[in-house]
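# Observations on the three-dimensional arrangement
Below, each chain spelled out in residue letters.
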2 protein chains.
Amino acid sequence: MAGTDSSIKIELLPSPVVILCEPQLGENIGTAARAMANFGLRDLRLVRPRDGWPNEKAIAAASKADHVINHVQVFETLEEAIRDLTLVYATTARLRGMQKDVIGPDEAGKRMADHIGSGQKAGLLFGREKWGLLNEEIALADMIVTLPVEPAFASLNIAQAVLILAYEWRRQSGQANTLPFGSLLHEVAPRSELVGLFEQLEATLDESGFFTSPEKRPGVIDNLRTALTRGSFSSQEVRTLRGVISSIDRCHQYPNPKRVRPAP
Amino acid sequence: MAGTDSSIKIELLPSPVVILCEPQLGENIGTAARAMANFGLRDLRLVRPRDGWPNEKAIAAASKADHVINHVQVFETLEEAIRDLTLVYATTARLRGMQKDVIGPDEAGKRMADHIGSGQKAGLLFGREKWGLLNEEIALADMIVTLPVEPAFASLNIAQAVLILAYEWRRQSGQANTLPFGSLLHEVAPRSELVGLFEQLEATLDESGFFTSPEKRPGVIDNLRTALTRGSFSSQEVRTLRGVISSIDRCHQYPNPKRVRPAP
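Residues numbered from 1 in each chain as written. Chains lettered and ligands numbered in written order. Predicted model: local features only at pLDDT ≥ 70, side-chain atom pairs only at ≥ 80, totals over all residues.

### Focus: the overall build of chain A
Helix and strand counts for chain A stand at 10 helices and seven strands. Counting over 264 residues, chain A shows a buried share of 40%. Summarising the internal contacts of chain A: among those between residues at least 6 apart in sequence, 86% fall at separations of at least 24. (Helix = DSSP H or I, 4+ residues; strand = E, 2+ residues; numbered from the N terminus. Buried ≥ 20, exposed ≤ 12 C-beta atoms within 10 Å, placed from the backbone. Contact = placed C-beta atoms within 7 Å.)

### Section: the pairing of strand 6 (residues 122-126) of chain A
All names here are of chain A. Most of strand 6 is tucked away: five of the five residues are buried. Burial along strand 6 is two-sided: A122, L124 and F126 and G123 and L125, pointing in opposite directions, are all buried. Sheet topology note: the strand 1 (residues 17-21)/strand 6 ladder contains four bridges and is parallel. Looking at strand 6, one finds that V18 is bridged to L124. Bridge count for strand 4 (residues 87-91) against strand 6 is four bridges, and the pairing is parallel. Paired with A90 across the two strands is L125, which belongs to strand 6. (Pairing = 2+ DSSP bridges.)

### A short note on the sheet that holds strand 7 (residues 143-145) of chain B
Taken in spatial order, the seven strands make up an open sheet running 3-2-1-6-4-7-5 (chain B), and their pairing is parallel. Of all strands in the sheet, those with a lone pairing partner are strand 3 (73-75) and strand 5 (102-103) of chain B, marking the two edges.

### Concerning the packing of helix 5 (residues 105-117) of chain A against helix 7 (residues 158-172) of chain A
Residue and element names in this part refer to chain A. Relative to each other, helix 5 and helix 7 sit at 55°, their axes nearing to 8 Å. With respect to each other, helix 5 and helix 7 are oriented oblique. Like other packed secondary-structure pairs, helix 5 and helix 7 cross with a definite hand, here right-handed. Every residue of helix 7 that contacts helix 5 at P105, D106, A108, G109, K110, M112 and A113 is listed here: I164, L165, E168, W169, R171 and Q172. Grouping the constituent residues of the contact of helix 5 with helix 7 by class yields seven nonpolar, two polar and four charged. (Axes fitted to C-alpha atoms, helices over the stretch in contact; angles between N-to-C directions. Parallel < 35°, antiparallel > 145°, perpendicular 65-115°, else oblique. Left-handed = near helix turned anticlockwise from the far one by under 90°. Nonpolar A, V, L, I, M, F, W, Y, C, P; charged D, E, K, R; others polar.)

### Some points on the domain arrangement of chain A
The extent of an interface is frequently quoted as the accessible surface area lost upon association of the parts. Here the domain parsing of chain A yields domain 1 (17-176) and domain 2 (191-251). Distance between the C-alpha centres of domain 1 of chain A and domain 2 of chain A: 58 Å. (Domains from an automatic or database assignment.)

### Structural notes on the sheet that holds strand 3 (residues 73-75) of chain A
Residues and elements named next belong to chain A. If you trace the seven strands from one edge of the open sheet to the other, you get 3-2-1-6-4-7-5, paired in parallel fashion. The outermost strands of the open sheet, each flanked by one partner alone, are strand 3 and strand 5 (102-103). Where helix 1 (residues 26-38) meets the sheet, its contacts fall on strand 1 and strand 2 (44-47), and the angle it forms with strand 1 comes to roughly 165°.

### Things to note about the environment of T31(A)
Looking at the secondary structure, you find T31(A) in helix 1. Separated by 104 residues in the primary sequence, T31(A) and N135(A) place their C-alpha atoms 25 Å from one another.

### Here's the deal with the packing of helix 7 of chain A against helix 7 (residues 158-172) of chain B
Each pair of packed helices gets described by two things: the angle between the helix axes and the distance between those axes. Taken N-terminus to C-terminus, the directions of helix 7 of chain A and helix 7 of chain B make an angle of 55°; their axes are 10 Å apart at the nearest point. The orientation of helix 7 of chain A with respect to helix 7 of chain B, classified from their angle, is oblique. For the pair helix 7 of chain A and helix 7 of chain B, the crossing hand works out as right-handed. Here helix 7 of chain A contributes Q160(A), L163(A), I164(A) and Y167(A) to the contact with helix 7 of chain B, which in turn contributes Q160(B), L163(B), I164(B) and Y167(B). Tallied by class, the residues present in the contact of helix 7 of chain A with helix 7 of chain B amount to six nonpolar, two polar and no charged.

### Quick notes on helix 8 (residues 191-208) of chain B
All names here are of chain B. Between its first and last C-alpha atoms helix 8 spans 25 Å; for 18 residues at 1.5 Å apiece the expected length is 26 Å, and the two agree. Taken residue by residue, helix 8 has L194, L197 and L201 as its buried positions. In an axial view of helix 8, the angular spread of the buried residues amounts to 60°, which keeps them on one side of the axis. Those residues of helix 8 that are exposed and aimed more than 90 degrees away from the buried face are S192, V195, E199 and A203. Backbone geometry just downstream of helix 8 places G209 in the positive-phi region, at approximately 80°. (Expected span 1.5 Å × (residues − 1). Arc of directions from axis to C-beta.)

### Some words on the nonpolar core
Of all hydrophobic cores here, the largest spans 124 residues; its most connected members are V18(A), M36(A), V162(A), V18(B), I19(B), M36(B) and V162(B). When sequence neighbours within four positions are dropped, the list of residues in contact with I19(B) reads R45(B), V47(B), A81(B), I82(B), G123(B), L124(B), L125(B) and F126(B). (Core = buried A, V, L, I, M, F, W, Y, C linked by C-beta atoms within 7 Å.)

### Remarks on the confidence of the model for chain A
Residues and elements named next belong to chain A. Taken residue by residue, chain A gives an average pLDDT of 85. The fraction at 70 or more is 88%. When the elements of chain A are averaged for pLDDT, helix 10 (residues 235-251) gives the smallest value, 81, and strand 2 the largest, 98. Under a pLDDT of 50 for its full length, residues 256-264 has, in the predicted model, 14 contacts with residues more than four places off or in other chains. The complex prediction reports pTM at 0.77, with the ipTM value standing at 0.75. (pLDDT = per-residue confidence, 0-100.)

### Description of the pairing of strand 4 of chain A
Residues and elements named next belong to chain A. Most of strand 4 sits inside the fold, with five of its five residues counted as buried. Of the two faces of strand 4, both are covered, the one formed by L87, Y89 and T91 as well as the one formed by V88 and A90. With three bridges joining them, strand 4 and strand 7 (residues 143-145) adopt parallel strand pairing. Within strand 7, the position partnered with Y89 by the bridge is M143.

### Considering helix 1 of chain A
Residues and elements named next belong to chain A. Across its 13 residues, helix 1 extends 19 Å between first and last C-alpha, which sits within 8% of the 18 Å expected from 1.5 Å per residue. Counting buried positions along helix 1 gives 12 out of 13 residues, so the element sits mostly inside the fold. Positive backbone phi, approximately 85°, marks G40, located one or two places after helix 1.

### Quick look at unusual backbone geometry
For the bond running from W53(A) to P54(A), omega is 0°, close enough to zero to count as cis. By secondary structure assignment, the location of P54(A) is in the loop between strand 2 and helix 2 (56-61). Non-glycine residue R48(A) carries a positive phi angle of around 45°. Structurally, R48(A) can be placed in the loop between strand 2 and helix 2. What makes R48(A) partly exposed here is the crowd of 16 C-beta atoms within 10 Å. Its identity as a non-glycine residue notwithstanding, K64(B) has a phi of 70°, on the positive side.

What follows is the structure, encoded as structure tokens:
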């Protein structure tokens, strides 16, 4: 979905911190940064990235999420990386047998939004590509977050897991729950204009012999009017449709018009 | 998030169709297929894929989402690709100035869930990597869906846009709104066991000279009991904590214990 508007300044509002534990591939760090930027997150922290930092592949994969990738912080231990946080969720796709509550991304988004809204800091832990988070890392978190995936195909790329959590945080946080643009719907034409359209159409249909029996005419008209009302046409659209009818009407010559009088 | 369990059979329940219009890169087709599979979607249709079909890069990028990638259908026109659908949403990140309603992914997920739940077929259109959907393609859709992104960084990879919509459909559809695993929380210990822990702890603290003044003792105890109650310990955890206290107590010799009597 191409659509970045570089004329708009990025708002740096408080948002969840993302912590990647021992990420292996630079591409995944970059795509995670991009996913964060899409939903307004910006604080990315890495614990012992395998290939060190900075990482050219990460920067390339971030697709210009510079405000995230240029401010990455690197830590030797997870404890240091989460030192300033007061709410920490561990993401995992596997049942761990740990005595921790398990919640979904919607609940996590809501709780993080509440927490951050009250002026505190929250963070999300993501594990290694191959085997996720270690139990000792999960033990440092308040709760486990898992995604409502198809159990038989539950493996998500890190950036995709980051994306869902970032999306849910943004959706649930009052500060950013609006769409970037809204409906541009016209005003609906006053009913009198719609009735004008109906009458023109029905007169034309009377001329053209459309109604084969006077008994059925009222029911057919009801159905036509019902269908045409459903479109909520604008005044301009009513005018266009009236032009369409006139235009077709002018082109036709009715060699053998079956005139049908309206039923009383 | 590693976690696919290949012993579980994939459920093929009715789900939204995904239609990619003129996708350029095979990798994006593959990662879109994987994102679909994560949330239980399976019907992927391509309109004029640039590099033809089948595409080795797509198959590699699908990470074994074989039940999706092996059943891809390819069409010459979008009209053919959506011929059997009765609800079609167009995804776009840009304001189009078209007279169509614009909704977010949560609303789209809900409407698709309702529609599919009533036995009908729904589909989601995604555009080209570089410039999205054409206006003539959007004109074939019922509504526009856009994501609540940060407007200054709104560009999502196709697979990521597919992922969010697939997630929202699954979240909102009654058939699959559960997490793959739940909390494994123990039963909380009966309050008598907790009180036993408190009494042991407080007796030990009395012995050790922890309470420096008798007046403050009740308030300190209230605070300690409050903090320890919050953990909702299991019977096993209470036993472990009592062992911890005993163990520390045995190790210490209190050379100069300041005995403090409980306040009356």
